[in-house]
Structures are given as C-alpha cells and as structure tokens.
Amino acid sequence: MAENDDQARSRAEQLRAAVEGAFGATASSAAPVQKRAAELADELVGAASRVRDVLEELRPPSPEELAALRAQIERLEARVAELEAKAAEKPATAPRRASTAKRPPAAKKRPPAGGSRS
C-alpha cells in the first residue's frame, strides 16, 4: 500500500511538473503578445483622448461661455470708447521736422601706401 501511495505521489508530482512546464512555456511565449497588447491599449487610449479633444473643439459654445464673451466684448467696447474720447480731447501735435543742419562731407579715401599695383 505504501508503494501505491508513492506511485500516486510520483504521478501527481509528474503531472504537476508537466502542468507547470506547460504554463511556463505558454507564459514565456505570451510575453511578446502581452507587450504588444499593452502597446495597443496605450495607442487606443491616446487616440480616444485626441477624439475627445476634437469633439470638445467642435461643440458649440455653452450659454455661460457666450455670456462671458459678450461681457468681454462690452468691456472692450467701453475701453475703445474711452480711448477715442481721450484722443479727441488732445490737440493734434505737429510731426517733428527733420534736422536741417548740414553734415560735414565724408572724408575722401586715400590710396594705399606704396603706390599702385599693376
């Protein structure tokens, strides 16, 4: 009977070793596939993010955004009106005249020392 128990354990250990070997072989050959799957998942996340950004840009502005833009335009209109009023109050200044003083004539170039070369 002890011999049967030893054989059963031996078969169980052999089976366990065979299963572990099969899983090990599968895991080592699956590593490149798993890496590529992770890369594809990263690319998919990036593409989804870009699509979301494009859709965000294409959507019409919300009522709050339109109200903010209107308020900004009104502030700019008021500022332009204020600047135009200030410009109308100031007398126009005459442009500056160019200086009429004569400049001294430029110095003449002298021939190089040692005569002319031919």
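Here the structure is shown first, and the text comes after it.
Quantities reported herein were computed from a predicted structural model and do not represent experimental measurements. (Residues numbered from 1 in each chain as written. Predicted model: local features only at pLDDT ≥ 70, side-chain atom pairs only at ≥ 80, totals over all residues. Heavy atoms only, no water.)

Draft legend 1. Expanded view of the pattern of salt bridges. In this structure the tally under the stated criterion is six salt bridges. One salt bridge in this structure joins Glu39 and Arg36, with 3.3 Å as the shortest N-O distance. Taken as a pair, Glu39 and Arg36 lie in helix α1 (residues 2-58) at a separation of three residues, close to a single helical turn. One salt-bridge network, held together by shared partners, links Arg36, Glu39 and Glu43. (Salt bridge = Lys/Arg side-chain N within 4 Å of Asp/Glu carboxyl O. Helix = DSSP H or I, 4+ residues; strand = E, 2+ residues; numbered from the N terminus.)

Draft legend 2. Just a nonpolar patch on the surface, in detail. Among the surface-exposed residues, Val51, Val54, Leu55 and Leu58 lie close enough to one another that they form a single nonpolar patch of about 390 Å² accessible area. Along the chain, Val51 falls in helix α1. The exposure class assigned to Val51 is partly exposed, which follows from its relative accessible area of 48%. (Patch = residues over 30% accessible without salt bridge, like charges linked within 9 Å, V, L, I, M, F, W, Y side chains within 5 Å. Areas by Shrake-Rupley, 256 points an atom, 1.4 Å probe, with all protein chains shown as cover. Buried < 20%, exposed > 50% of the residue type's maximum accessible area, 1.4 Å probe, protein only.)

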